[in-house]
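Inside the fold
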Amino acid sequence: MKRRICKLVVAAIVVIGNTSHPTSVALAQPPPDAVQLKSGPVNPGFGDYWYQGKAELTSYKLEQARYGEVHVGHAVLIFVTEDFSIEKHVKLDRPGQAGDDKINILKLNLTKKFNTGIYPYSIMTSVFTPIQRHLLPQTMKVTTSSQEWCGHSFTQMNLDDDGYHVKLYSYFEREGDQAVTLDNALLEDEVWSTIRLNPDDLPTGEIQMIPGTLFQRLRHVSWTVQNAVAERKPVTSNSDQMAYIITYPEYERKFTIHYDKTFPHGIQSWEDTYSDGRRGQATTKATVNKRIMLDYWSKNQVADVVWRKELELE
């Protein structure tokens, strides 16, 4: 797969350069103060928060709509900075040796776990969004996997010159193995990271957007670029929060994220309401539970289960 769109910004990134960020894992090296997001400079506290050698872990109480009912579970948002390969679209093992193939990204891992009757669902979406967005303004890669007792599926999207290349592997006959290319458009999946990097970059008005990979997975809708309307407004019930609302007329769907007005713009809740055919309207909700900063990759011993209790996941 050719990725010339990424290479166009390599020279500019190399000129800007990065300072060393020593750590035992491949966390992203902090860009200098001069690096900007699409609409302005990085918040003065950006480096202190995102380059402290830890990830932000937030657990949410989940009410997941599925099969005409609401199933209780939990969701987790994991945000962490990493060094990413522009050419291969993977996390770099040796970022210090990568040269002009390196870019800083904010990675989101969004997980959901819930049960439907006797059998469980485990879903995860990963989103890889450049931090130097004035150089590379679009998310480079998204992956989503879903496992439940009937089978599992995997979706991957990669940015290229002519749009997003999508590959879908599924146990459903009608979906089978697919490979499609979508016109260059905004991704619903990158809204989460845009909020964390700079919510002023969120598009408003009539837009073209590729619906979220998780929505596509659970609703089994075709891969298309959709007409949507987006708005950003204060939350009337909480003066400290803003709401970002995306409406998809074709799906009779409204997706809303509530986040903090002030940096680091923590995500407090989200709600997804859509038409579920003959079952009527379906609504999924998630509300913040606990948030911690932690180098979770080093917490892999039996005794470290206490951190799951800290997040109220046990």
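Residues numbered from 1 in each chain as written. Predicted model: local features only at pLDDT ≥ 70, side-chain atom pairs only at ≥ 80, totals over all residues. Heavy atoms only, no water.

What follows is about the side chain of Thr111. Looking at the element boundaries, Thr111 is found in strand S5 (residues 102-116). Residue classification places Thr111 among the buried residues on the basis of a relative accessible area of 19%. Look past the residues within four positions of Thr111 in its chain and what remains in contact with it is His74, Ala75, Val76, Ile123 and Met124. (Helix = DSSP H or I, 4+ residues; strand = E, 2+ residues; numbered from the N terminus. Buried < 20%, exposed > 50% of the residue type's maximum accessible area, 1.4 Å probe, protein only. Contact = heavy atoms within 4.5 Å.)

The subject of this paragraph is the pattern of salt bridges. Overall, the coordinates contain twelve salt bridges when judged by the stated rule. With a shortest N-O distance of 2.8 Å, Lys107 and Glu82 are connected by a salt bridge. A residue pair is termed long-range when its members are at least 10 positions apart, and Lys107 in strand S5 and Glu82 in strand S4 (residues 69-85) qualify at 25 residues. Classification of Glu82 by relative accessible area gives buried; the value is 4%. Arg308 is the partner of Glu314 in a salt bridge, and the nearest nitrogen-oxygen pair spans 2.5 Å. Here Glu314 falls in the exposed class, since its relative accessible area comes to 59%. Counted as one network, the salt bridges with shared partners bring together Glu82, Lys91 and Lys107. (Salt bridge = Lys/Arg side-chain N within 4 Å of Asp/Glu carboxyl O.)

Locating Thr129 in the fold gives a position in strand S6 (residues 119-130). Overall, the relative accessible area of 0% leaves Thr129 in the buried class. Of the polar contacts made by the side chain of Thr129, one reaches the side chain of Thr139; its length is 2.7 Å. Other than its neighbours up to four places away in sequence, Thr129 contacts Asn104, Ile105, Leu106, Thr139, Glu190, Ser193 and Leu197. (Polar contact = N/O pair within 3.5 Å; in protein donor to acceptor, adjacent residues only side chain to side chain.)

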